[in-house]
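# Observations on the three-dimensional arrangement
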Amino acid sequence: MLFCSLMKFFIDTANLDQIKEAEELGILDGVTTNPSLMAKEGIVGEQNILDHYLKICDIVDGDVSAEVISTEYDKMIVEGERLHEIHPNIVVKVPMIQDGIKAISYFSKKNIDTNCTLVFSPGQAILAAKAGATYLSPFIGRLDDISWDGMDLIKSIAKIYEVQGYNTEILAASVRNPLHIVKCAEAGANVVTCPLSAMTGLLKHPLTDIGLEKFLADHKAANS
Ligand code: G3P
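For the structure given in this document, a descriptive report is provided here. Not measured: the values here are computed from a predicted model. (Residues numbered from 1 in each chain as written. Predicted model: local features only at pLDDT ≥ 70, side-chain atom pairs only at ≥ 80, totals over all residues. Heavy atoms only, no water.)

### Points about the overall build of the protein
Rules: Working definition: helices are DSSP H or I runs of at least four residues, strands are E runs of at least two. Numbering for both runs from the N terminus. With C-alpha atoms as the basis for the radius of gyration, the globule rule is written as 2.2 Å multiplied by the number of residues raised to the power 0.38. Working definition: with a 1.4 Å probe on protein chains only, accessible area under 20% of the residue-type maximum means buried, over 50% means exposed, and in between means partly exposed. Residues count as neighbours in contact if any of their non-hydrogen atoms are within 4.5 Å of one another. The Shrake-Rupley method, run with a 1.4 Å probe sphere, supplies the accessible areas, and residue values consider only the shown protein chains as cover. For the charge count, each Lys or Arg is scored as positive and each Asp or Glu as negative, with His and the chain ends excluded. Lys charges are placed at NZ, Arg charges at CZ, Asp charges at CG and Glu charges at CD.
Along the backbone of the protein there are 11 helices and 8 strands. Computed over C-alpha atoms, the radius of gyration of the protein comes to 19 Å, within 12% of the 17 Å expected from 2.2 N^0.38 for 224 residues, which places it in the range of a compact globule. Each principal axis of the C-alpha atoms in the protein carries an extent, and together these give about 75 × 40 × 30 Å. When burial is assessed residue by residue, the protein has 45% of its 224 residues classed as buried. Taking contacts inside the protein between residues at least 6 apart in sequence as the whole, the part at least 24 apart equals 57%. Total accessible area on the protein is roughly 11,900 Å²; 55% of this is exposed by carbon and sulfur atoms. Across the protein, 19 positive and 30 negative side-chain charges occur, with their mean positions spaced 3 Å apart.

Shown next as structure tokens:
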């Protein structure tokens, strides 16, 4: 039997309006971004990028993943420490590469939270946990895109972390739809990060809409 705390909801976007909308739902625990999502919002230039992370931190009282662009250890450290200084809620997002693992080990010893990204295998998950990553981001949707079962990866990592007692939280990423969220909850993910559409997709059921329409019609008929 898996034991995990309540699954947290992060929004996977750099769009401030969508972050505000998710925050207003009252269920938002944090935000993840990546360089593609920042570029999509037209956020370019180092200072603008740092300012944008601060704006996100002002909206959400929870962990905000900010990804390093460097791929060399020394540069990752400088960049990660700069990101960490912006706000206490910033989590330094580091890619699953050799220098990334070194950087995660360094940040872990400095008590700087990290999110190891671009994870596609249980072996990578073990390495990141051993290095002391705070979060691990396995990409479900991108595995599904190439006919691998993304959810099998979440289940496998959850089993390994449970057996070994690793503290790293499984942050299921590349979550594209409401069913992914439901399956992540079953599989033992600690966090899901997804677009707003996947989050609000959880609301939808035709019988809810039909039922509400009937309740309101019956009320109106009885009270007119
Ligand atoms: O933030 C990383 C991940 O969530 C990206 O998702 O849909 O581009 O595969 P996607």
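### Here's the deal with a nonpolar patch on the surface
Definition in use: Put simply, a patch holds well-exposed residues, over 30% relative accessible area, that have no salt bridge, with like charges counted together within 9 Å and Val, Leu, Ile, Met, Phe, Trp or Tyr side chains within 5 Å. Take a side-chain nitrogen of Lys or Arg and a carboxyl oxygen of Asp or Glu: if they are within 4 Å of each other, that pair is a salt bridge.
Together, Leu179, Val182 and Leu202 make up an exposed nonpolar region whose accessible area comes to about 250 Å². Mapping Leu179 onto the fold places it in helix α9 (residues 178-187).

### Some words on the state of the cysteines
Selection rule: Whenever a pair of cysteine sulfur atoms sits within 2.5 Å, that pair is classed as a disulfide.
For the structure on display, the rule yields 0 disulfides. Not part of a disulfide, Cys57 finds its nearest cysteine sulfur in Cys194, a span of 19 Å. Assessed through its relative accessible area of 6%, Cys57 is described here as buried. Cys194 carries a free sulfur, and the closest cysteine sulfur to it, the one in Cys184, is 9.0 Å from it. For Cys194, a relative accessible area of 0% corresponds to the buried category.

### Looking at the packing of aromatic side chains
To keep it simple, the criterion reads: A pair of Phe, Tyr and Trp rings is counted when the ring centres sit within 6.5 Å of each other, with Trp represented by its six-membered ring. The angle between the planes then sorts it: under 30 degrees is stacked, over 60 is edge-to-face, the rest tilted. For a Lys NZ or an Arg CZ to count as sitting over a ring, it must be within 6 Å of the ring centre and within 35 degrees of the ring normal.
Going through the model one piece at a time under the given rule, you end up with 5 aromatic pairs. Plain terms: the ring middles of Tyr73 and Tyr106 are 6.5 Å apart, the flat faces sit at 90 degrees to each other, and that makes the pair edge-to-face. One end of the pair, Tyr73, is in helix α4 (residues 73-86); the other, Tyr106, is in helix α5 (residues 98-109), with 33 residues separating them in the sequence. Ring geometry for Tyr106 versus Phe107: centroids 5.6 Å apart, planes at 70 degrees, classification edge-to-face. We classify Tyr106 as partly exposed; its relative accessible area is 21%. Looking at Phe107, the relative accessible area reads 0%, which means it is buried. The structure contains a cluster of three or more aromatic residues connected by ring pairs, namely Tyr73, Tyr106 and Phe107. Against the face of Tyr73 rests Lys102, its NZ or CZ located 4.5 Å from the ring centre.

### Re the site of the ligand
Threshold: One heavy atom within 4 Å of a molecule or strand is enough for the residue carrying it to be called near that molecule or strand. Side-chain atoms alone can form a polar contact between residues adjacent in sequence; in general such a contact is a pair of N or O atoms within 3.5 Å, and within protein one must be able to donate a hydrogen while the other accepts it. When residues are grouped by polarity, Ala, Val, Leu, Ile, Met, Phe, Trp, Tyr, Cys and Pro land in nonpolar, Asp, Glu, Lys and Arg in charged, and all others, Gly among them, in polar.
Taken together, the residues surrounding the ligand are Asp12, Asn34, Lys93, Phe139, Arg142, Ala173, Ser174 and Arg176. Interatomic distance of 2.5 Å between a side-chain N/O atom of Asp12 and an oxygen atom of the ligand. Taken together, the residues of the shell around the ligand break down into 2 nonpolar, 2 polar and 4 charged.

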